[in-house]
Amino acid sequence: MECISNGGVHAIVVAMPGQGHINPMMQLAKKLASMGISITFVLTQSWHRIITEAHLGTGLDAFAHARNLGLNIRLVAIPDCVPGEFERWNNIQQFYRSLGKMEGLVEELINNLQQQSNVAPVSCIVADTFLGWAVPLAKKLNLLSVSFWTPSVSMFSIFYHLKSVQHQEGSIIHIPGVISIESADLPSFFKPSADPVNARAIVLCLERAREADWVVANSFEALEGHLVEALSEKLQVYCVGPLLPSAYLDCSDPRDSVVGTSSRVEVNCTKWLDNQLPKSVNTFRLAV
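Cut-offs used in this document
Residues numbered from 1 in each chain as written. Predicted model: local features only at pLDDT ≥ 70, side-chain atom pairs only at ≥ 80, totals over all residues. Heavy atoms only, no water. Buried < 20%, exposed > 50% of the residue type's maximum accessible area, 1.4 Å probe, protein only. Helix = DSSP H or I, 4+ residues; strand = E, 2+ residues; numbered from the N terminus. Pairing = 2+ DSSP bridges. Right-handed = clockwise from strand over helix to strand, strands pointing away. Contact = heavy atoms within 4.5 Å. Polar contact = N/O pair within 3.5 Å; in protein donor to acceptor, adjacent residues only side chain to side chain. Phe/Tyr/Trp six-rings, centres within 6.5 Å; stacked < 30°, edge-to-face > 60°. Core = buried A, V, L, I, M, F, W, Y, C linked by side-chain atoms within 4.5 Å. Salt bridge = Lys/Arg side-chain N within 4 Å of Asp/Glu carboxyl O. Axes fitted to C-alpha atoms, helices over the stretch in contact; angles between N-to-C directions. Patch = residues over 30% accessible without salt bridge, like charges linked within 9 Å, V, L, I, M, F, W, Y side chains within 5 Å. Areas by Shrake-Rupley, 256 points an atom, 1.4 Å probe, with all protein chains shown as cover.

1. Overview of the pairing of strand β5 (residues 144-149)
Within β5, 5 of the 6 residues are buried, which leaves it mostly tucked inside the rest of the structure. Of the pairings in the sheet, the one linking strand β4 (residues 124-128) to β5 comprises 5 bridges and is parallel in character. Residue pairing across strands places Val126 opposite Val146, the latter belonging to β5. Handedness of the β-α-β unit built from β4, helix α6 (residues 134-140) and β5 comes out right-handed.

2. A look at helix α10 (residues 221-231)
Taken as a whole, α10 has its buried residues at Glu224, Gly225, Leu227, Val228 and Leu231. Summarising the contacts, the buried residues of α10 are in contact with α7 (153-160), β7 (178-182) and β9 (237-239).

3. So, the pairing of β4
Most of β4 is tucked away, with 5 of its 5 residues classed as buried. Where strand β1 (residues 10-14) meets β4, 4 bridges bridge the pair, whose relative direction is parallel. If you follow Val13 over to β4, its bridge partner there is Val126.

4. A short note on the side chain of Thr150
Along the chain, Thr150 falls in the loop between β5 and α7. A distance of 3.2 Å separates a polar atom in the side chain of Thr150 from a polar atom in the side chain of Asp128. Setting aside its immediate chain neighbours within four residues, Thr150 contacts Gly20, His21, Pro24, Asp128 and Asn218.

5. Some thoughts on the packing of aromatic side chains
Under the counting rule described, the total for this entry stands at 5 aromatic pairs. The structure contains a cluster of three or more aromatic residues connected by ring pairs, namely Phe130, Trp149, Phe156, Phe159 and Tyr160.

6. Some points on the nonpolar core
Ranked by size, the top nonpolar core spans 49 residues in total, and within it Val14, Met102, Val106 and Phe156 carry the most contacts. Here Val14 is in contact with Met25, Val42, Met102, Val106, Val126, Ala127, Asp128, Leu131 and Trp133, once residues within four sequence places are set aside. Counting residues in each nonpolar core, the second largest holds 27 residues, with Val13, Ala15, Trp47 and Phe148 among its members.

7. Describing unusual backbone geometry
With the exception of glycine, the majority of residues adopt a negative phi angle, and the majority of peptide bonds are in the trans configuration. The omega torsion across Gly241 and Pro242 is -5°, close enough to zero to call that bond cis. As for its placement among the helices and strands, Pro242 is situated in the loop between β9 and α11 (269-274). A positive phi angle, close to 60°, is found at Asn142, a residue other than glycine.

8. Considerations on the pattern of salt bridges
Evaluation of the coordinates by the stated rule reveals 1 salt bridge. The residue Glu107 makes a salt bridge to Lys140 at a minimum N-O spacing of 3.0 Å. Linking Glu107 in helix α5 (residues 102-114) with Lys140 in helix α6, this pair joins segments that are 33 residues apart in sequence. Given the relative accessible area of 54%, Lys140 is considered exposed.

9. Things to note about the sheet that holds strand β8 (residues 214-217)
If you walk across this open sheet you meet the 7 strands as β3-β2-β1-β4-β5-β8-β9, and the pairing is parallel. Of all strands in the sheet, those bounded by a partner on one side alone are β3 (73-78) and β9. Within this sheet the neighbouring strands show an average axis-to-axis angle of 25°, counted without direction. Here helix α1 (residues 19-34) sits on the sheet in contact with β1, β2 (38-44), β3, β4, β5 and β8, set at roughly 165° to β2.

10. Quick notes on a nonpolar patch on the surface
Taken together, Leu144, Trp214 and Tyr238 make up a surface patch of nonpolar side chains, about 290 Å² in accessible area. Looking at where Leu144 falls in the secondary structure, it is placed in strand β5.

Listed below in structure tokens is the structure:
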């Protein structure tokens, strides 16, 4: 691992091992690094290998481009302790239980970093909300904690009110700030037939998020400000999205164009999209 400046803020960023969680977390890490924060981005060994293979032939790792832009950020791996991306759905209970095994490995990594004289002391843990152990670990180590919610704030609110949702009767579900929805349209976790072990795991993660110093979500005020306001009486959520490279968002730095990587590098939709008619993507208005 490259040396980190021994001054300033140093954040450990831990993504949940899953394609849809890693890429936005990588963009969040780059945003934090652009603010002068040193970043150590933590992945399991399998995901580290996937990302490395996705960049074969470039001579670069996933964050080399960001470092070329002057950001202090690097990627490190911890031993595999969770089922792979395509195996986890065969036993989702085992997957949720295995996420807890990451805690000891991350704690060991932090302790090792704290003993290195050429590395800035770790001052913060930024972790996916579904890694429910991260907030208690930060408190144990006297570190600040940030809970990062990858999906929308509306989904956060639905998960946050899981207990009340499960006790509502009828086909229409009412959640503060969320448009009334059909119970049949709720995620499988909310259905009466849902595995109670999984539901309890989700509830615990959301409860621990309440104890974090900050809760941030991959959304923005113009889209979900009403949901943030509806949650504010119980929990303050800050929008930090949309988490995309600046080349595709505000063009503040056209060189920042690396999105992340794909766990299925053989799938390339770009060629298919290039063969479609101009302006052929359907649009819709989001009801709020």
